[in-house]
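# Secondary and tertiary structure notes
Read off the chains here:
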Amino acid sequence: MLGKFELYMPTDFQEACALKANGALPVAGGTDVYVNMHGGKDRVPEVLDIKQLKELQGHSYTEGKGLDLGALTAHRIIERWDVIKQHYYAFFQGCSQVGSVQIRYRGTLGGNIMNGAPSADSIGPMLVHDAVAVVAGPNGERSIPLEKFYTGFKKHDIKPDELLTRIRIPDTPENAGSAYYKYTRRGAMDLALMGVSAYVELDGDVMRNVRIALTTAAPTPMRSHAAEEVLEGQPVSDDIIVKAAEAVASEGKPRSSWRSSAEFRVRLLHDVTIQVLHEAIERAGKPFDQKCEPIPERLYPGQDGLKPRPKEEV
Amino acid sequence: MAKKIDLHPYEAYHREGQEWDRLVVKRKDTDGTEKVIGQSQIRKDGVSKVIGATQYGADINFPGQLYGVAARSPHPHAKILAVHTEKAWEVPGVKVVLTGKDYPEPYGQFIADQPIIALDKVRYQGEPVAAVAAETEEAAREAASLIEVEYELLPVVNDLEESMKNETLIHEDWDSYECSSACFPKQGTNIGDEFHLEKGDVEKGFAEADLVVESKFRCGQLQHTLIETHTSTAIANPLTQEIQVWTPNQSPFGIRSLMGKIFGVPAEKVRLTLTDIGGGFGGKYEAKCEPLAIALSLKAGGRPVKVTYDRHEEFAATVCRSTVQYYIKTGVKNDGTITAQQVTGYWDAGAYVTTNPRVDYNAGFAANGPYKIPNTKVDTYVYMTNRTLGTAYRGFGVTEAATLHEHQMDIIARKLGMDPLDLRLHNCLHDGDVGITGEIISTCAVEECLRAAADNIEWDKIPDRWVDEEGYLWGKGIACFNKLTGTPSTTSCILKMNENGSLYIWSASREMGQGVTTTMPQFAAESLHMDLERISVSPVDTSMTPYDKTTTSSRSTFHSGNAILEACEDIKRQLCDLAAIKWKCDAEDVTYTDEGYIQRLSDPEQHIHISEVGQSGIMHEQPPVIAIGRYGTSDIFDPPPVEGRQSKRPTVMWMIGAQAAVVKVNPVTGRVKLVKMGASNDIGKAINPTGVLQQVEGSVIMGLGHTIMEEMIYEDGNLRNGNMVDYKVPTFMDSDVDIKITMVEKGHPEGPYGVKGIGEPGLVPTAAAIASAISHACNTDFDSLPIKPEHILFRKEVAD
């Protein structure tokens, strides 16, 4: 049950920062904070509702500049915004697979980042789209690349008197494509057992600015730089994609647990990376208005389980 | 090959987004022109549930109510050296703190092996070690967390294999417990019950076989995951010894006598008022919150005490479906004829016996499936471990038995090169065959069900397995079953006509989503030719409602329907008598017509329709119209003796059905999609067709979860996934299955209008059919549930 707590709902940003510095726990959608309090995981005497802060509100896209998203932007906003599907498809895929529709209406991007779960669905896509976190406090504003913003399991580069205010994501050219694959045991209301995101720009058939990120593969969402290096500047081929997948599989260090064995996770990382790269590359080759078209999966050489068996006689 | 029997033409029906049909094999007391039964009706409980007006257990509150919370053991197996309650007492608002010493008498329906609060030792993680009642739930939870217990840890019996060594005993002295005649614990072992059935000579049968096939199958441990967690509110006065409990329970009279026994008061002083049930499935058959709430209220001087479990308690400390490890050996001739079959099974029943003997018993009679088998042997054992308590789960073990025998049938079919459907048709029971207890089988429609299920996925047009252009693996599978209903059992009802001519039914058959509060009025409406709107089921209260054994075993519509039809005949007679008074004629001169008219024989112009009885004045200041209906099955029951369990009539009703599945498996990710499910159940007569379809549809999705997702995972007695995030239940997004259902109607001679049960049977073949399809798709034999993506990716394929 939800215990008793003091609730603050300031409208003044500096007041909010002071309350947070004093130990109040920020809450936006409450889809993590209140759930943990209700389940007895967290005992929080003071809660800081930040929904009134205009510094954290609003969301816009400017051609050439990209996205400027208030930390309070709900996943559902991203999911239903056409610009996202055309320019940041992986981001659409991530946000549209968070929990359920109800949770996506309440849960925010800022919350997804600050909760710090390695399984967060919006983070991998934001990492491959080179997102920047903006934090602010009494001493002004700081911009930190999202990858650097994570400093450890549920730890961030943020001071006690600072709040995450905005997320900025650069615009994408028409020759770019991205994809996210979330591996779950069921079709909704599930956490990623494993996830892979990829972003690629195509210069003819040469891959540029390749970025790959892994979800639930380490204590924080992480980039797979080794795999990016394999692909950077290389022409597209089945072989190079499989090589990148091998690099991902060796860089991700999943452990065995009752949820699944390490062997299984490594195998998934490998196979899912192939599919995600395939999808991102195919998408990069399409004009903006066709980027949201479904891209059929394809099996690559060396992928286990693909050996087609001869059809049996009926 | 079994020859195709002549089937009656299908009556096709369409519901939006759903295809289904009805196959009438045999009618009983119906001709298909009935106005109320056999017609889909709007659920009586539907509107109040949809608008949120239904009062569930936790909605009951009283002035001056206290909140009860249990302090629970973090250890799966430990001696209790001391319990310190001082700090709990210091929390403001705390009124009662109980420990095991306050109520040391153990209880149990089959064997009294379970204390309300652990006394000398704890046997599972989450077992109550103390209980607190306080003015607020917050204070109660706070106080419960401050209970300090000194434990001496004992070795943990984490699984069956460990339990079967009998090195660490969960119960050291079975003989010290009071035990019923239906439970067979074995002193000095972890065996809490055993079941043995023997027909013919299996060794002789194996010797006659051309091929002997052996396999095993394991079903994982499942939680009922009821939307409404367990809850009870009690007012128990220590001076008057009167106990009243408001609770959502499936077995009001069973719990009444159990509570009377525990608290040493006569049954009539225990009053259970039943709230609406937010999900039962067997999970609300045991006493869980009831004894805690009563004990706390007694110690609080009779103040109301409410105990509601949270989801963590629900997982760790209520009940579940036991793990079972089965072994099966079958002898077959080259033409597919089964000569003998031997089944050995081991249930992991958890820490206390609870209902496991009944699970063991029901599954034992179903272990061989609906097949002609001349020589059979079934030996099953209930083993105790330090896990949460096993109990009934929608089918009393028969679902697990079906996965076993159907898995074996698939292996036999493959080895003989036979079509899996043909092998089943070749061996399935028909009327006149001898069942595994020596019973002459009647009203058995396995063949019809198998064929209908197969047709519903176009079985003949698709191979066992194939690979599509994108590389997905496809497979089909089929499964059938038979399940008995608990016999003997009795029920009764009272039909009370109100002054305005409307009718109340008093029956303890509980509505728990299965629709019995709609089907019971349907029987009365049909019999009396009365408007269904004017008939309703009264709330259930053990101080008023007549006796009914339990709402389990898919028995309610069958048993209560019979009682209601009997009572309706009495209502008709009473109304005729009243009309005779009004018309000043002999009672014999008045009849009740098939159209619902109370009519004078000598002057047919004098008549009153049942819908006008209220206005007619015939009831005015006359003896009230009230009738009793009773039904029991003791007379037809031939008790199966403990030795061999042979019986001419082990059950009043065998339930029969089949399902056929088509699955699509992603070879890269190991994810399974259930594409199609062709279902077919012999329901005797569909009283409310929509209700039947909903039972089957719900079962298919539930069974899908059992096949590929759900399992309770323990490590050293610690439950790892006791929450709704980590214990995966299918969501709506997993439920996009093309389901086609055929309702087979082979009227049961003892069923009201021929009806048979459908509460559990929809689920029984589901996991077996889906597992079969997945095994075919992956060209392997998965021998345990759930089948997880890991199993699929790292499978060993079988040789063709």
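Here the structure is a predicted model, which is why all the values come from computation and not from measurement. Per chain, the residues get numbers from 1 upward, laid out in the order the sequence is written. For this description, chains carry letters from A and ligands carry numbers from 1, given in the order in which they are written. Only residues with pLDDT of 70 or above have their local features reported here, since the model is predicted, and side-chain atom pairs are shown and tallied only from 80 upward, although totals for entire chains, interfaces and linings are computed over all residues.

### Section: the overall build of chain A
Quick reminder of the rule: To qualify as a helix, a DSSP run of H or I must reach at least 4 residues; to qualify as a strand, a run of E must reach at least 2; elements of each kind are numbered from the N terminus. All radius of gyration figures rest on C-alpha atoms, and the globule criterion is 2.2 Å times the number of residues raised to 0.38. Counting other C-beta atoms within 10 Å of its own, a residue is labelled buried from 20 upward, exposed at 12 or fewer, and partly exposed in the gap between, with every C-beta atom placed from the backbone. Our contact criterion uses C-beta atoms placed from the backbone: two residues qualify when those atoms are within 7 Å.
In terms of regular secondary structure, chain A is built from 12 helices and 14 strands. Here the C-alpha atoms of chain A give a radius of gyration of 20 Å, agreeing with the 20 Å that 2.2 N^0.38 yields for 314 residues. Principal-axis analysis of the C-alpha atoms gives chain A an extent of 70 × 45 × 35 Å. Going through the 314 residues of chain A one by one, you find that 47% of them count as buried. A separation of at least 24 residues holds for 66% of the contacts in chain A among residues at least 6 apart in sequence.

### Quick word on the packing of helix α13 (residues 516–528) of chain B against helix α14 (residues 556–583) of chain B
Residue and element names in this part refer to chain B. Which entries qualify depends on this criterion: Axes here mean lines fitted to C-alpha atoms, for a helix over just the part in contact, with angles spanning 0 to 180 degrees between N-to-C directions. Each crossing gets its handedness from the near helix: less than a right angle anticlockwise from the far helix is left-handed, clockwise is right-handed. Polar here means any residue outside two lists: the nonpolar Ala, Val, Leu, Ile, Met, Phe, Trp, Tyr, Cys and Pro, and the charged Asp, Glu, Lys and Arg; Gly therefore counts as polar.
Relative orientation of the contacting elements α13 and α14 amounts to 35°, with a least axis distance of 9 Å. As for the relative orientation of α13 and α14, their crossing is right-handed in sense. Across the interface between the two elements, Val 516, Thr 519, Met 520, Phe 523, Ala 524, Ser 527 and Leu 528 of α13 pack against Ser 556, Thr 557, Ser 560, Gly 561, Ile 564, Leu 565, Cys 568, Ile 571 and Lys 572 of α14. For the contact of α13 with α14, the residue count by class is 9 nonpolar, 6 polar and 1 charged.

### Remarks on the sheet that holds strand β24 (residues 503–506) of chain B
Pairing between the strands of a sheet comes from backbone hydrogen bonds, and it takes one of two forms, parallel or antiparallel. Residue and element names in this part refer to chain B. For the record, the criterion: For two strands to count as paired, DSSP must find a minimum of two bridges between them.
Overall, mixed pairing links the 4 strands, which are arranged β25-β24-β23-β29 in an open sheet. Where the open sheet ends on each side, the last strands, each with one partner, are β25 (535–537) and β29 (626–632). Going from strand to strand, the sheet's axes swing by 20° on average, the running direction of each strand aside. In this fold α13 packs onto β23 (490–497), β24 and β25, with an angle of close to 140° to the strand it touches most, β25. In the packing of α14 onto the sheet, contacts are made with β23, β24 and β29, and the angle to β29 comes to roughly 145°.

### Here's the deal with the domain arrangement of chain A
Interfaces are often sized by the accessible area lost when the parts come together. We apply this condition: By convention here, the domain bounds are inherited from an automatic or database domain assignment.
The domain architecture assigned to chain A consists of domain 1 (1–52) and domain 2 (176–290). Averaged C-alpha coordinates put domain 1 of chain A and domain 2 of chain A at centres separated by 35 Å.

### So, the interface of chain B and chain A
Facing the 25 residues of chain B at the interface are 28 residues of chain A. Sorting the residues of the side of chain B that touches chain A by element identifies α3 (137–145), β21 (465–467) and α18 (789–793) of chain B as the ones contributing at least two each.

### Observations concerning the environment of Cys 444 of chain B
All names here are of chain B. Secondary-structure assignment places Cys 444 in the loop between α11 (420–427) and α12 (446–456). It is 7.0 Å that separates the C-alpha atoms of Cys 444 and Leu 429, two residues lying 15 residues apart in sequence. The contact partners of Cys 444, leaving out residues within four places of it in the chain, are Pro 370, Leu 429, His 430, Asp 431, Trp 654 and Ile 656.

### Quick notes on the packing of helix α9 (residues 356–366) of chain B against helix α10 (residues 398–416) of chain B
All names here are of chain B. The N-to-C vectors of α9 and α10 enclose an angle of 30°; their axes lie 8 Å apart at closest approach. Considering how the two elements wind past one another, α9 and α10 form a crossing that is right-handed. Here Asn 362, Ala 363 and Ala 366 of α9 come into contact with α10, specifically with Val 398, Glu 400 and Ala 401.

### Considering the nonpolar core
Threshold: Buried Ala, Val, Leu, Ile, Met, Phe, Trp, Tyr and Cys residues form a nonpolar core when they are connected through C-beta atoms within 7 Å.
If you look at the biggest cluster of nonpolar residues, it comprises 321 residues, and the most contacted ones within it are Val 132, Leu 450 and Ala 524 of chain B. If one sorts the elements of this core by residue count, helix α12 (residues 262–284) of chain A sits on top with 10 residues. Once residues lying within four places of it in the same chain are set aside, the contact partners of Ala 524 of chain B are Leu 495, Leu 503, Ile 505, Met 530, Ile 535, Ile 564 and Cys 568 of chain B.

### What to know about the pairing of strand β31 (residues 672–682) of chain B
All names here are of chain B. Counting buried residues along β31, 8 of its 11 residues qualify, which places the element largely inside the surrounding structure. In terms of strand pairing, strand β30 (residues 654–665) meets β31 through 10 bridges, oriented antiparallel. Following the sheet pairing, Val 662 is matched in β31 by Lys 676. Pairing geometry for β31 and strand β34 (residues 738–746), over 7 bridges, is parallel. Considered in β34, the bridge of Asp 682 is made with Val 744.

### Section: the pairing of strand β5 (residues 94–99) of chain B
All names here are of chain B. Most of β5 is tucked away: 6 of the 6 residues are buried. As judged from the 5 bridges shared by β5 and strand β7 (residues 128–134), these two strands associate in the antiparallel manner. Counterpart to Thr 99 in the pairing with β7 is Ala 130.

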